[in-house]
Amino acid sequence: MTIPPDIAHRRHTHARRHARRLAMQALYQWQLTGYPAREILNQYADDPEMEKADWEYFRRLLLGVTAETAQLDAAITPHLDRPMEQVDPVERALLRLAAYELHHCPEVPYKVVIHEAVALAKKYGAEQGHRFVNGVIDKVAAALRH
């Protein structure tokens with residue numbers, strides 16, 4: 001039996017949403033602990049939440065962001081009102097994650113990248129952190145996606 005395209009698309013969308021959330025958590029862990037990204041990746045391989053996620057997308061996000069942090073920060077920093085080190089760690093992880101998607105995942109519409117980052121900031125970030133993330137990522141999207 002073939003899965004109808006609309007159901008397949010929803011499953012794909014939900015799997016990517018879970019991958020982003022787990023990537024944000026893994027990046028948060030990476031920022032705070034300094035553990036190698038591959039070690040953190042291995043920890044998540046056994047996470048029951050990974051069953052709902054797109055493993056390959058999670059892997060791509062985690063390894064991509066950690067490998068390109070300097071370049072991502074260079075794209076983000078001009079749009080900040082404070083040094084990157086002073087940005088809340090959850091919001092910093094989300095900014096880097098969204099900047100990576102904007103730069104390296106052209107198949108993901110920029111509005112989806114912004115929406116997902118803001119939704120995660122609302123749930124896991126500081127109070128009003130979603131407004132900060134929205135403003136910064138909107139400017140990063142304009143610079144990266146023209």
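Before reading further, recall that the structure is shown in the block above.
Residues numbered from 1 in each chain as written. Predicted model: local features only at pLDDT ≥ 70, side-chain atom pairs only at ≥ 80, totals over all residues. Heavy atoms only, no water.

Participant: Would you explain the overall build of the chain in this entry?
Facilitator: Along its length, the chain carries 7 helices and 0 strands. When the elements of the chain are put in sequence order from the N terminus, they spell out α-α-α-α-α-α-α. In summary, the chain has a C-alpha radius of gyration of 15 Å against a globular reference of 15 Å for 146 residues, a match within 12%. A principal-axis box enclosing the C-alpha atoms of the chain has dimensions of 55 × 35 × 30 Å. Across the 146 residues that make up the chain, the buried fraction comes to 45%. When the accessible surface of the chain is split by element, carbon and sulfur atoms take 53% of a total near 8,000 Å². When the 19 positive and 19 negative side-chain charges of the chain are each reduced to one mean point, those points stand 5 Å apart. (Helix = DSSP H or I, 4+ residues; strand = E, 2+ residues; numbered from the N terminus. Rg over C-alpha atoms; globule rule 2.2 N^0.38 Å. Buried < 20%, exposed > 50% of the residue type's maximum accessible area, 1.4 Å probe, protein only. Areas by Shrake-Rupley, 256 points an atom, 1.4 Å probe, with all protein chains shown as cover. Lys, Arg positive; Asp, Glu negative; His and termini not counted. Charge placed at Lys NZ, Arg CZ, Asp CG, Glu CD.)

Participant: Even after reading the chapter, I still don't get the packing of helix α6 (residues 110-124) against helix α7 (residues 129-145), so can you show me in this structure?
Facilitator: The relative placement of two packed helices is expressed as an angle between their axes plus a distance between the axes. The interhelical angle for the contact between α6 and α7, taken along N-to-C directions, is 160°, at an axis separation of 9 Å. Relative to α7, the element α6 lies roughly antiparallel. As α6 runs across α7, the sense of the crossing is right-handed. Contact residues: Y110, I114, A117, V118, A121 and K122 in α6; G129, H130, V133, N134, I137, D138, A141 and R145 in α7. Looking at the contact of α6 with α7, its residues break down into 8 nonpolar, 3 polar and 3 charged. (Axes fitted to C-alpha atoms, helices over the stretch in contact; angles between N-to-C directions. Parallel < 35°, antiparallel > 145°, perpendicular 65-115°, else oblique. Left-handed = near helix turned anticlockwise from the far one by under 90°. Contact = heavy atoms within 4.5 Å. Nonpolar A, V, L, I, M, F, W, Y, C, P; charged D, E, K, R; others polar.)

Participant: Honestly, helix α4 (residues 69-76) in this entry has me stumped. Any pointers?
Facilitator: Every α-helix carries 3.6 residues per turn, so stepping three or four residues along brings you back to the same face. Of the residues making up α4, those classed as buried are T69, L72, D73 and I76. Taken down its axis, α4 places every buried residue within 100° of arc, on the same side. Along α4, the residues that are exposed and aim more than 90 degrees away from the buried face are A70 and A74. (Arc of directions from axis to C-beta.)

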